[in-house]
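# Architecture at a glance
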Amino acid sequence: MDENEFFNRFRLTKRCVNIVLGLITFKIQSSTDRNHAVTPAQMILLAIRFLASGGMLITVGDFAGIHKTTAGKHIWKVLQAIAKLKTTFLMFPNDPMIIQNIKKDFYSISKFPKVVGALDCTHVKIQSPGGLNAEIYRNRKQFFSINVQAICDSHLNFHDVVSRWQGSAHDSRIFQHSKIYSRFQNGEFGDSILLGDSGYPLKIFCITPLQNVNTPAENLFNEAQIRTRNPIERAFGVWKRRFPILSTGIRLNISKAQCLIIATAILHNIATIDNEQNHALPPLPVEIEEAINFLCLCTFWVSFHLQK
């Protein structure tokens, strides 16, 4: 395949896949080559195809010419190996120089100072987990999901992802029970701040939009806050378009779905670091594009009238 054909099928470039291959080969390779064992490269392509297609195991297995049981076993092995890279690719920075650079990049968006991360939650669709507690995974939109909290920088890199909460959990509850909340509350990041939407509590380290805007200065504050927080919305969009399984629904049990979410966030970061965010993603269907445009227009008018 040429680069475009490869990207259309796997949503990652060959270079990015080779980076992942180099990082986890020793963790996933078979101990022997007996019985024509599946190679690490085949395992990774199988797993990434599963994430990029949002398909069923039997479909992905047919794509690779192996049984769905074997496909499931190798996909799970790859996802676990990628998730273990979290300390390298999915950690909130501690280096003062890195934090200062992040602040400068955020400041260049709309002159909002001291911002070290944009904070928000998104729902990742899952199948019903079954059992007595299944309904706690049903969110306000009436589908089963995991409510995933993420913090990103201005370049759409995720620096913190929490994927253990049910769809019914409120964003502010997830935040206040997260490790990153405790670290900010303990002053670990000095005067650095996070930007969240109105669903989050106003804290000295978490700034949310003003609810009642009465002056031009307050309106300017809200505009700067919303524009500077925008990268997290864009990051979620790129992440879910790169790995459609996050939108179509994860057909795995809860623990595996949580691992998959972390693994895709790490792959997203590797791809972003490799400057893939400028690579043209396959276009959305026309009806979805129209729905997004209509939603953006409605949001604009609601915001405009509330400010007036």
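Since this is a predicted model, take the numbers as computed values, not measurements.

### What to know about the overall build of the chain
Within the chain, the regular secondary structure consists of 13 helices and five strands. Out of the 308 residues in the chain, the part that is buried amounts to 46%. For the chain, long-range pairs separated by at least 24 residues make up 66% of all intrachain contacts whose partners lie at least 6 apart in sequence. Of the roughly 16200 Å² of accessible surface on the chain, 55% is carried by carbon and sulfur atoms.

### Overview of the environment of F236
As for its position among the elements, F236 is in helix α10 (residues 216-242). Not counting the four nearest positions on each side in its chain, F236 is found in contact with D120, C121, T122, V148, A150 and F158.

### Considerations on the sheet that holds strand β2 (residues 145-152)
Overall, mixed pairing links the five strands, which are arranged β3-β2-β1-β4-β5 in an open sheet. Two strands in the sheet have a free side with no partner beyond their single neighbour: β3 (158-166) and β5 (206-207). Two elements, β2 and β3, share six bridges in a ladder whose sense is antiparallel. The residue of β3 that forms the bridge with I151 is D160. Relative to the sheet, helix α7 (residues 96-110) contacts β1 (115-125), β2 and β3, its axis offset from that of β1 by approximately 80°. This element, α10, spans β1, β2, β3, β4 (193-195) and β5 of the sheet and lies at about 45° to β1.

### Some words on the packing of helix α3 (residues 40-53) against helix α4 (residues 57-64)
Packing of α3 against α4 leaves a shortest axis separation of 10 Å and a crossing angle of 135°. With respect to α4, the element α3 is oriented oblique. Crossing geometry of α3 relative to α4 is assigned as right-handed. Across the interface between the two elements, L46, R49, F50 and S53 from α3 touch L57, V60, F63 and A64 from α4. Of the residues assigned to the contact of α3 with α4, the class counts are six nonpolar, one polar and one charged.

### Here we look at the pairing of β1
Among the 11 residues of β1, 10 are classified as buried, and the element is accordingly described as predominantly covered. As defined by bridge partners, β1 adjoins β4 across three bridges and the pair is classed as parallel. Along β4, the bridge assignment pairs V115 with I193. Examined bridge by bridge, β1 and β2 share eight bridges and lie antiparallel to one another. Across the sheet, residue C121 finds its bridge partner in β2, namely Q149.

### Description of the pattern of salt bridges
Side chains carrying opposite charge are able to pair once their charged atoms draw close together. Evaluation of the coordinates by the stated rule reveals five salt bridges. In this structure, the salt-bridge partner of D274 is R15, at a minimum N-O distance of 2.5 Å. Of this pair, D274 sits in the loop between α12 (254-273) and α13 (286-307) while R15 sits in helix α2 (residues 14-28), and the two are 259 residues apart along the sequence. Classification of D274 as buried rests on a relative accessible area of 15%. R15 gets classed as exposed once you look at its relative accessible area, which sits at 56%. The structure contains a network of salt bridges with shared partners spanning K103, K114 and D191.

### Details of the nonpolar core
Core analysis: the largest hydrophobic core is formed by 89 residues, its most contacted members being F158 and I250. Considering every element that reaches this core, the biggest residue donor is α12, with 12 residues. Here F158 is in contact with F89, L90, A150, I151, C152, I232, A235, F236, W239, A265, H268 and N269, once residues within four sequence places are set aside.

### Overview of the environment of T88
You can see T88 is positioned in helix α6 (residues 86-89). When its relative accessible area of 57% is taken as the criterion, T88 is described as exposed. Along the primary structure T88 and I266 are separated by 178 residues, whereas in three dimensions their C-alpha atoms are 9.0 Å apart.

### What about the environment of S255?
Its location among the elements puts S255 in helix α12. You can call S255 partly exposed: its relative accessible area is 47%. It is 9.8 Å that separates the C-alpha atoms of S255 and S163, two residues lying 92 residues apart in sequence.

### Side note on the pairing of β3
The buried count for β3 comes to seven of nine residues, which makes it a mostly enclosed element. The hairpin formed by β2 and β3 contains five residues between the paired strands, and L156 there has a positive phi angle of roughly 75°.

### Notes on α10
Over its 27 residues, α10 runs 39 Å from end to end, which matches the ideal 39 Å to within 8%, given 1.5 Å per residue. Along α10, the sharpest kink reaches roughly 35°, centred on R229 and followed within four residues by the proline P231.

Conventions we followed
Residues numbered from 1 in each chain as written. Predicted model: local features only at pLDDT ≥ 70, side-chain atom pairs only at ≥ 80, totals over all residues. Heavy atoms only, no water. Helix = DSSP H or I, 4+ residues; strand = E, 2+ residues; numbered from the N terminus. Buried < 20%, exposed > 50% of the residue type's maximum accessible area, 1.4 Å probe, protein only. Contact = heavy atoms within 4.5 Å. Areas by Shrake-Rupley, 256 points an atom, 1.4 Å probe, with all protein chains shown as cover. Pairing = 2+ DSSP bridges. Axes fitted to C-alpha atoms, helices over the stretch in contact; angles between N-to-C directions. Parallel < 35°, antiparallel > 145°, perpendicular 65-115°, else oblique. Left-handed = near helix turned anticlockwise from the far one by under 90°. Nonpolar A, V, L, I, M, F, W, Y, C, P; charged D, E, K, R; others polar. Salt bridge = Lys/Arg side-chain N within 4 Å of Asp/Glu carboxyl O. Core = buried A, V, L, I, M, F, W, Y, C linked by side-chain atoms within 4.5 Å. Expected span 1.5 Å × (residues − 1). Bend = angle between axes of the 7 residues up to and from the residue.

Such coordinate-based values are descriptive only and should not be taken to indicate function.
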